[in-house]
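The chain contents come next:
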Amino acid sequence: KSEPRKDFEEGLAKDNRSANAETKKSEQKSDNKKEKAKQKNAGADNAPATETIMRGALMEKVEANKVTVITMDDAMKNFNSGDYKSSAEQFTEILKQQPNNADALYFGGISEYINGNEKKSEKNFDKLLKDGTKFVEGSKWYKANILIKKGKRDEAKKLLDDLANSGGSYKERAVKKRADMEF
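In this text, all values refer to a predicted model and were calculated from it rather than measured experimentally. (Residues numbered from 1 in each chain as written. Predicted model: local features only at pLDDT ≥ 70, side-chain atom pairs only at ≥ 80, totals over all residues. Heavy atoms only, no water.)

Let's talk about the side chain of Asn101
Line of reasoning, step 1. Here Asn101 shows up in the loop between helix H3 (84-97) and helix H4 (102-114).
Line of reasoning, step 2. Looking at Asn101, the relative accessible area reads 15%, which means it is buried.
Line of reasoning, step 3. In this view, Asn101 contacts Met72, Ile94 and Leu95; residues no more than four positions away in its chain are not counted. (Helix = DSSP H or I, 4+ residues; strand = E, 2+ residues; numbered from the N terminus. Buried < 20%, exposed > 50% of the residue type's maximum accessible area, 1.4 Å probe, protein only. Contact = heavy atoms within 4.5 Å.)

Quick word on the packing of H4 against helix H6 (residues 136-149)
Line of reasoning, step 1. Remark: H4 packs on H6, axes separated minimally by 11 Å, with the N-to-C direction vectors making an angle of 25°. As summarised for this structure, H4 and H6 are arranged roughly parallel, according to the angle between their axes. As H4 runs across H6, the sense of the crossing is left-handed. Here H4 contributes Tyr106, Ile110 and Tyr113 to the contact with H6, which in turn contributes Gly138, Ser139, Tyr142, Asn145, Ile146 and Lys149.
Line of reasoning, step 2. For the contact of H4 with H6, the residue count by class is five nonpolar, three polar and one charged. (Axes fitted to C-alpha atoms, helices over the stretch in contact; angles between N-to-C directions. Parallel < 35°, antiparallel > 145°, perpendicular 65-115°, else oblique. Left-handed = near helix turned anticlockwise from the far one by under 90°. Nonpolar A, V, L, I, M, F, W, Y, C, P; charged D, E, K, R; others polar.)

Structural notes on the pattern of salt bridges
Line of reasoning, step 1. Counted according to the given criterion, the structure contains 13 salt bridges.
Line of reasoning, step 2. Of the charged contacts in the structure, one is a salt bridge between Glu93 and Lys96, with a shortest N-O distance of 3.0 Å. Taken as a pair, Glu93 and Lys96 lie in helix H3 at a separation of three residues, close to a single helical turn.
Line of reasoning, step 3. Accessibility expressed as a relative area gives 12% for Glu93, which makes it buried.
Line of reasoning, step 4. For Lys96, a relative accessible area of 56% puts it in the exposed group.
Line of reasoning, step 5. Linking Lys120 and Glu112 is a salt bridge whose minimum nitrogen-to-oxygen distance equals 3.5 Å.
Line of reasoning, step 6. Looking at Glu112, the relative accessible area reads 8%, which means it is buried.
Line of reasoning, step 7. Through salt bridges that share partners, Glu122, Asp126, Lys143 and Lys150 make up one connected network. (Salt bridge = Lys/Arg side-chain N within 4 Å of Asp/Glu carboxyl O.)

Structure (structure tokens):
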């Protein structure tokens, strides 16, 4: 081999060794940072970091390299099976990403009502009544029951009167409730 060519190849080999050494150092630093972050996160009450991601109609909750997908179907299955605690949590998560989702507002409101969280359920029903969705009658029914529990009989009576004078599915219940309350 000619002398210049030999020098070039030796220089190239030396550069490659240096680059490889720098890469290893960089990888070690990166690994050390990752390890420190893991230790730091592990020390923070052992609470894994979470992130909620919306992908179309699906909501995913990412937790410690684990993905939990929350769908309306899952929340409705829990609701229909009587697991109102789980369904309330799931509807709440869905509403964080879709605050105007009428189904999540309504069934989440019912779940919260059944769980005894009237304040949160009332907020859901108020939003539905304001927006005039397909759940207006049901929202009036639950809102009236919440108002009765709060001692606001006059406001409850107005809602029950509306329902009793409608031709909807809550008419009979409203008539009976008015009679029971002696309105």
